[in-house]
Amino acid sequence: MSYYLLLSALLFAIGLYGVLSRRTAILIFMSIELMLNAANLAFVTFARNSGNLEGQAMALVVIALAAAEVAVGLGIIVAVFRARSSTSVDDLAELRG
Amino acid sequence: MLLLLILLLPLLGFVFLGFFGRQLREPLPGVIASALTGLSFLLVVAAVLSGGASWEIKDWLPGIPFSLVLDHLSGYMGLVVTGIGFLIHVYAIGYMHGDEGFSRFFAYLNFFIAMMMTLVLAGSYPVMFIGWEGVGLASFLLIGFWYTEKVNADSARKAFITNRIGDLGFLLGMALLYSLFGTLSIGELREAMESSTVLPLALGTAGLLLFVGAVGKSAQVPLMVWLPDAMAGPTPVSALIHAATMVTAGVYLIARSSFLYANLQDVSYVIAVIGLVTAAYGALSALGQWDIKKIVAYSTISQLGYMFLAVGVGAYWIALFHVMTHAFYKALLFMASGSVIHALGGEQDVRKMGGLKKYLPRTHLHGLAGALSLAGFPLLAGFWSKDAIITATLTYPFGGTGFYIAGLAVAFLTAVYAMRWYALVFLGEYRGSGKPHESPPVMTLPNDVLAVGAIFAGFLALPEPLWNFIEPYLAPALAHVETHHMSLGVEWGLIALSAVVALVGLYLGYLAFNRWTLPAWYRTFQSWSANAFYVDRVYNALIVNPLKELAFIFALFDSFLDTAFVALAGLSAWLGERLARVQAGYVRVYGALMVLGLVAVLVWGVLR
Amino acid sequence: MSAFDLIAGVLLVASALAAVTLRNAVHAGLALVGNFLVLAMVYFALEAQFLGWIQIIVYAGAVMVLFLFVIMLLFDAKADPGLDPLPWMRPVGAALAAVFFLVLAYAFSRLGPVNPLADVKLAGGLPGPVGELLYGRWLYAVLLIAVLLFAATVAAVVLVQPGVRGARKKPQVAERERELEEVGR
């Protein structure tokens, strides 16, 4: 069953690439969701491989967490958009050293 | 408390004049300084009459008290220092008239008196060392008094650095004594020495190291080079510090430590030889000088050599006797020279003087008294003390016939150069331009007192069977040395011999520098002597220049290090600039760096 | 490896790639929805039925709808907001992702063997056993999640509260924006 583990690793890497290459906040967010789901896939696979339900419980917790994150994250995006009329993260460069 | 007051009065003058002297009008700082020194002198007199005193702070340093002792030795020395010091203060009021640094000068002079009295009254070596360094500092400040001239500043530094070599010897000697006996109090050391089980070698080393200190301070061969240059300071300074008092500190140190040296025959021999060499060197160099003050300066070196010869053979009281008579006539000679310089408006070259007898009658008498006393003219102070030294080389345990003959020869030279000085300055025709004028009474009056001393001070200690006040007075403070007496006939015969030598020297000098045209060999000698036998040049070649080269190499190395460090700093600045670019404010860059760290941690975790 | 596994894997990877590369944000969001739905199927196959339904309802449904809603609200469907100031970020990101994948794959390859009785024990991952677990040993985690959700709700409301736009912008920020605009012109 390490096929699904490999798949989860691949999905995670794709999500990572998305986070690094996407330039608008919403799309970065979606990439992060992809990474979270990859992690969930790994949890579920572990549960399946070991016959232990705790992995599934963890995945449920992650889903709830993701919901909270989406609520706050989208709120931030909307607020930033109101202030700057843009969701490009490259415009948020005020912390430049 | 009385003893402390002796130090504190001049010190108070120093502080007061240092802070407020500039606000005072001209003669006032001089008057205050002189009064304080005079008061100090009266206190010393009172303390001496009351038979001595001592005072100390317990646990000044761990295990070392701050102690002041006025016994017969330090009382005697203190009288000389404050007495002569007072006269020179008064003289300086006239000499420094109109100088910009008038009050500064008197502040320094008071500081010097305070430090010198610390040195003299010290009951332990560390306290003496404070005074020792303090007079060194005062000397430095006063030599460089007219510091805007580079020569003066250089001379001051030369004196300071040369003294430092001696001070190191003093310091090491103290350290050795402390490690041997566990105390540095002079009284305790003296007791410890009597029941001593310490190796003579260690004691001898300690004695030798202390002597190195004395050599530096008293300008003995080979550390004598600073003294002639020290004449860059104002003349009262030359008189006070570099003739009458400070330079005799070395002699005082040896006399104070006489309990140590009396047991060290080899070290005493070294001291005597160095004293004799110094005496000869000073006398020969004095013969060729053209600067009025430098002649006197080299004569000081020569006379100090005599004193060391005396302490070397074990005749401690005679050395101190000579310290006193020398203080009188050398201060007199310097101040007469100063008077002449003052009269000629700053001229110091004896070739442009001559015939001043006519213009400066008072000063002429002073100069005559000083020169004759220096030359050892019979019955004058210098005659008695110098004769006592020369005779002591035969009667005291560490002496010898060789010392006697050499001492006599130097006495002859002394008479010649004393007469040369007198003849060139006061006899013959006036060779300069301008009209000389006699100095004011404030300058001549102290000289009168000094002249009386230079003539009559010798009568305090006359040879057997006549009276001698000084030897029994000083005896309790000095180590007891067995002497063998000679018969009265021999003794007075020797005295007559040295009188004849002095008279012949004076006569020859009179003839040579007033009448004769000098032969060619003398002119060669003259040029060597005028350059003090090129000792400075030899030191430059052997010590100063190699050190400079070494310093240059170190400087190269230093600049290399400097460059390296600058490069290092540049590298980190460059790196910082590069790294600052990373902080571009782009969230994605931060994200990428975070992922990079995550990958690193993950790799480490997986491969562990 | 069955045909289902293969098809699911291909679909998952393809939809994930589409989600991170498509230029149109709405298209990317829809690709992500597809990805989540396939993932739900995979959960069913992995004896996690309750989780699968939750995935469909909460993730593919509620969360992704929220995403699409915000995309449309902000008129920000374009994935490329002008010139890229960091053009090298794409290959670097790809390289980092590849390295990450390799390391993870290496780590997974060293895991132990599969428990043969696992599917029996899981019993399909029905709500009953999962619920027992959640309200038993995981009770505190669930409570914490509740608190977190509450806080997130409050935060979302505060962040997008209407009528505070002007007050929220600090003078320095406004200044800086004007400068940026001038430079941009």
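This structure is a prediction, so every number in the text was calculated from the model and none was measured.

Trainee: Now, about the overall build of chain C: what can you tell me, with residues and values included?
Mentor: Helix and strand content of chain C: nine helices and zero strands. Counting from the amino terminus, chain C carries its helices and strands in the arrangement α-α-α-α-α-α-α-α-α. Considering only residue pairs separated by 6 or more positions, chain C has 58% of its internal contacts joining residues 24 or more positions apart.

Trainee: Tell me about the overall build of chain B, and name the residues and values.
Mentor: A count of helical and extended segments in chain B gives 25 helices and two strands. Taking all 608 residues of chain B together, the buried fraction comes to 50%. Look at the contacts in chain B between residues 6 or more apart in sequence, and 81% of them connect residues 24 or more apart.

Trainee: Any chance you could break down unusual backbone geometry for me, citing the residues and the numbers?
Mentor: Across the junction of valine 221 of chain B and proline 222 of chain B, the peptide omega takes the value 10°, indicating a cis bond. By secondary structure assignment, the location of proline 222 of chain B is in the loop between helix H8 (200–217) and helix H9 (226–229). Notably, leucine 379 of chain B is not glycine yet its phi reads approximately 80°, a positive angle. With respect to the helices, strands and loops of the structure, leucine 379 of chain B is situated in the loop between helix H17 (361–375) and helix H18 (381–395). Even without glycine at this site, glutamate 47 of chain C takes up a positive phi of about 60°. Among the structural elements, glutamate 47 of chain C can be located in the loop between helix H2 (25–45) and helix H3 (49–73).

Trainee: Break down the packing of helix H25 (residues 587–607) of chain B against helix H4 (residues 89–109) of chain C for me, with residues and values.
Mentor: Interhelical geometry of H25 of chain B versus H4 of chain C gives an angle of 20° and a closest axis separation of 10 Å. Taken together, H25 of chain B and H4 of chain C sit at an angle that is classed as roughly parallel. In this structure, the crossing between H25 of chain B and H4 of chain C has a hand that is left-handed. Listed contacts from H4 of chain C to Arg588, Ala592, Val595, Leu596, Val599, Leu602, Val603 and Val606 of chain B of H25 of chain B are Met89, Val92, Gly93, Leu96, Val99, Phe100, Val103, Tyr106 and Ala107 of chain C. Considered class by class, the residues forming the contact of H25 of chain B with H4 of chain C number 15 nonpolar, one polar and one charged.

Trainee: Run through the interface of chain B and chain C, naming residues and quoting values.
Mentor: Of the residues lining the interface, ten residues belong to chain B; the matching set on chain C comes to ten residues. Tallied by class, the residues present in the side of chain B that touches chain C amount to nine nonpolar, no polar and one charged.

Trainee: How would you summarise the environment of phenylalanine 403 of chain B if you had to cite specific residues and measurements?
Mentor: All names here are of chain B. Assignment of secondary structure puts phenylalanine 403 in helix H19 (residues 401–426). Judged by the 24 C-beta atoms lying within 10 Å of it, phenylalanine 403 is buried. Contacts of phenylalanine 403, omitting those with residues within four sequence positions, involve Ala272, Leu276, Leu309, Val313 and Thr393.

Trainee: Tell me about the interface of chain C and chain A, and name the residues and values.
Mentor: Contacts between the two partners involve 77 residues from chain C and, on the opposite side, 66 residues from chain A. For the side of chain C that touches chain A, the elements supplying multiple residues, two or more each, are helix H1 (3–21), H2, H3, H4, helix H5 (118–122), helix H6 (127–134), helix H7 (139–159) and helix H8 (165–168) of chain C. Broken down by element, the side of chain C that touches chain A gets its largest block of residues, 13 residues, from H4 of chain C. A class-by-class count of the residues in the side of chain C that touches chain A yields 58 nonpolar, eight polar and eleven charged.

Trainee: I'd like to hear about the nonpolar core, residue by residue, with values.
Mentor: All names here are of chain B. Core analysis: the largest hydrophobic core is formed by 196 residues, its most contacted members being Phe112, Ala310, Ala319, Ala331, Leu332 and Ala454. Broken down by element, the residue count for this core peaks at 19 residues, all from helix H15 (residues 316–343). For this core, the domains that each give at least three residues are domain 1 (1–239) and domain 2 (264–530). When residues no more than four places from it in sequence are discounted, the contact partners of leucine 332 are His366, Ala369, Gly370, Asn447, Leu450, Ala451 and Ala454.

Trainee: Go over the pairing of strand S2 (residues 64–70) of chain B with me, naming the residues and quoting the values.
Mentor: Residues and elements named next belong to chain B. Looking at chain direction, strand S1 (residues 53–61) and S2 are connected through six bridges and run antiparallel. Bridge pairing in S2 places serine 54 opposite valine 69. Counting the residues in the hairpin turn of S1 and S2 gives two residues, including glycine 63, whose phi is positive at 80°.

Trainee: Break down the environment of lysine 158 of chain B for me, with residues and values.
Mentor: All names here are of chain B. With respect to the helices and strands, lysine 158 occurs in helix H6 (residues 150–181). Overall, the presence of 20 C-beta atoms within 10 Å leaves lysine 158 in the buried class. In sequence terms lysine 158 and leucine 227 are 69 residues apart; their C-alpha atoms lie 9.3 Å from each other. Every residue in contact with lysine 158, bar those within four places of it in the chain, is listed here: Trp226 and Asp229.

Trainee: I'd like to hear about the confidence of the model for chain B, residue by residue, with values.
Mentor: Confidence in the prediction of chain B, expressed as mean pLDDT, is 87, and 99% of residues score 70 or more. When the elements of chain B are averaged for pLDDT, helix H23 (residues 520–530) of chain B gives the smallest value, 80, and helix H4 (residues 102–121) of chain B the largest, 92.

Trainee: An account of the packing of helix H1 (residues 2–21) of chain A against helix H2 (residues 25–50) of chain A is needed here, citing residue identities and associated values.
Mentor: To characterise two packed helices, one gives the angle between the axes of the helices and the distance between these axes. All names here are of chain A. With their axes 8 Å apart at the nearest point, H1 and H2 run at an angle of 165° to one another. In this view, H1 runs roughly antiparallel relative to H2, as classed from their interaxial angle. When you trace H1 past H2, the crossing you get is left-handed. Side by side, H1 and H2 meet where Tyr4, Leu5, Leu7, Ser8, Leu11, Phe12, Ile14, Gly15, Leu16, Gly18 and Val19 of the first sit next to Ile28, Ser31, Ile32, Leu34, Met35, Asn37, Ala38, Ala39, Leu41, Ala42 and Thr45 of the second. A breakdown of the residues in the contact of H1 with H2 according to their chemical character gives 16 nonpolar, six polar and no charged.

Trainee: With reference to specific residues and values, describe helix H14 (residues 292–313) of chain B.
Mentor: Each full turn of the α-helix corresponds to 3.6 residues, which orients residues three or four apart in the same direction. Residue and element names in this part refer to chain B. With 22 residues, H14 ought to run about 32 Å at 1.5 Å a step, and its terminal C-alpha atoms sit 32 Å apart, in line with that. Counting buried residues along H14, 22 of its 22 residues qualify, which places the element largely inside the surrounding structure. Of the residues one or two after H14, glycine 314 is the one with positive phi, at around 105°.

Trainee: Go over the confidence of the model for chain C with me, naming the residues and quoting the values.
Mentor: Per-chain confidence: chain C averages 84 in pLDDT, with 89% of residues scoring 70 or above. Predicted complex metrics record ipTM = 0.88 and pTM = 0.67.

Cut-offs used in this document
- Residues numbered from 1 in each chain as written.
- Chains lettered and ligands numbered in written order.
- Predicted model: local features only at pLDDT ≥ 70, side-chain atom pairs only at ≥ 80, totals over all residues.
- Helix = DSSP H or I, 4+ residues; strand = E, 2+ residues; numbered from the N terminus.
- Contact = placed C-beta atoms within 7 Å.
- Buried ≥ 20, exposed ≤ 12 C-beta atoms within 10 Å, placed from the backbone.
- Axes fitted to C-alpha atoms, helices over the stretch in contact; angles between N-to-C directions.
- Parallel < 35°, antiparallel > 145°, perpendicular 65-115°, else oblique.
- Left-handed = near helix turned anticlockwise from the far one by under 90°.
- Nonpolar A, V, L, I, M, F, W, Y, C, P; charged D, E, K, R; others polar.
- Core = buried A, V, L, I, M, F, W, Y, C linked by C-beta atoms within 7 Å.
- Domains from an automatic or database assignment.
- Pairing = 2+ DSSP bridges.
- pLDDT = per-residue confidence, 0-100.
- Expected span 1.5 Å × (residues − 1).

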